[in-house]
Every structure is written in C-alpha cells, then in structure tokens.
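Residue strings, one per chain:
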Amino acid sequence: MKYTVSILSEAQADIDLAFTWYELKQKGLGDYFFRILDQSVLIISRNPYSFEEIYKGVRRMVIRKFPYGIYYRVNSEISEIQ
C-alpha cells in the first residue's frame, strides 16, 4: 500500500529556502537536493512505519547527503467510496 504525502506550507517554505541556498552555492546542487528529497518522500510513502517514532506519533527520516530530516505523522484515514 502506498500512502499519500502532504507537505505543510511551512515545510515547503523551508524546502524552497534550502533549494535556493544550495543552488547559490553550486549550480545544480539545489536540483540534486530536490531529487534526494523526492526519493526520501517516496520511501516514506511506501513504508512509513519503517522509521523510528521519536515523539508521540512523530517519526523522522534523516535524508542522505544533506543535513535534513523529514518529520512526519502517519494518518491512517479510510474513506468510504460511494
């Protein structure tokens, strides 16, 4: 089962700032950051329970190559199809 991932607007703002910072440091590094981040989100969407719960339902995946972690909660909503 694959889960849907939603990114909070505050987190998106942080991601955008990190992209800009990396891109200013080296052309293409911001794009590489996005690719690593996308891969990490895909891993979480496929198996969200594989990462440690660090505080009251909050889990964390440390992304590779960059000093960032993805903090998330798993919401197991089931919707009725009508």
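Calculation notes
Residues numbered from 1 in each chain as written. Predicted model: local features only at pLDDT ≥ 70, side-chain atom pairs only at ≥ 80, totals over all residues. Heavy atoms only, no water. Pairing = 2+ DSSP bridges. Helix = DSSP H or I, 4+ residues; strand = E, 2+ residues; numbered from the N terminus. Axes fitted to C-alpha atoms, helices over the stretch in contact; angles between N-to-C directions. Contact = heavy atoms within 4.5 Å. Phe/Tyr/Trp six-rings, centres within 6.5 Å; stacked < 30°, edge-to-face > 60°. Expected span 1.5 Å × (residues − 1). Buried < 20%, exposed > 50% of the residue type's maximum accessible area, 1.4 Å probe, protein only. Arc of directions from axis to C-beta.

Caption draft 1: Examining the sheet that holds strand S3 (residues 69-72) more closely. With antiparallel pairing, the three strands of this open sheet are ordered in space as S1-S2-S3. The open sheet has two edge strands with one neighbour each: strand S1 (53-55) and S3. Put simply, the sheet's adjacent strands are angled 40 degrees from each other on average, direction ignored. In terms of strand pairing, S1 meets strand S2 (residues 58-62) through two bridges, oriented antiparallel. By the bridge assignment, Glu53 is partnered in S2 with Arg59. Most of the contacts of helix H2 (residues 29-46) go to S3, to which it runs at about 35 degrees, and overall it touches S2 and S3.

Caption draft 2: Summary view of the packing of aromatic side chains. Counted according to the given criterion, the structure contains ten aromatic pairs. A centroid spacing of 4.7 Å and a plane angle of 10 degrees characterise the contact between Phe19 and Phe34, whose relative ring orientation is stacked. Linking Phe19 in helix H1 (residues 9-25) with Phe34 in helix H2, this pair joins segments that are 15 residues apart in sequence. Through successive ring pairs, a cluster of aromatic residues spans Phe19, Trp21, Tyr22, Tyr32, Phe33, Phe34, Phe66 and Tyr68.

Caption draft 3: Fine view of H1. Its 17 residues give H1 an end-to-end C-alpha distance of 25 Å, which sits within 8% of 24 Å, the value for a rise of 1.5 Å per residue. Every buried residue of H1 is listed here: Ile15, Ala18, Tyr22 and Glu23. For H1, the arc enclosing every buried residue in end-on projection is 130 degrees, short of the 170-degree limit, so these residues lie on one face. Across from the buried face of H1, at angles greater than 90 degrees, the exposed residues are Ser9, Glu10, Leu17 and Leu24. On the buried face of H1, the contacting elements are H2.

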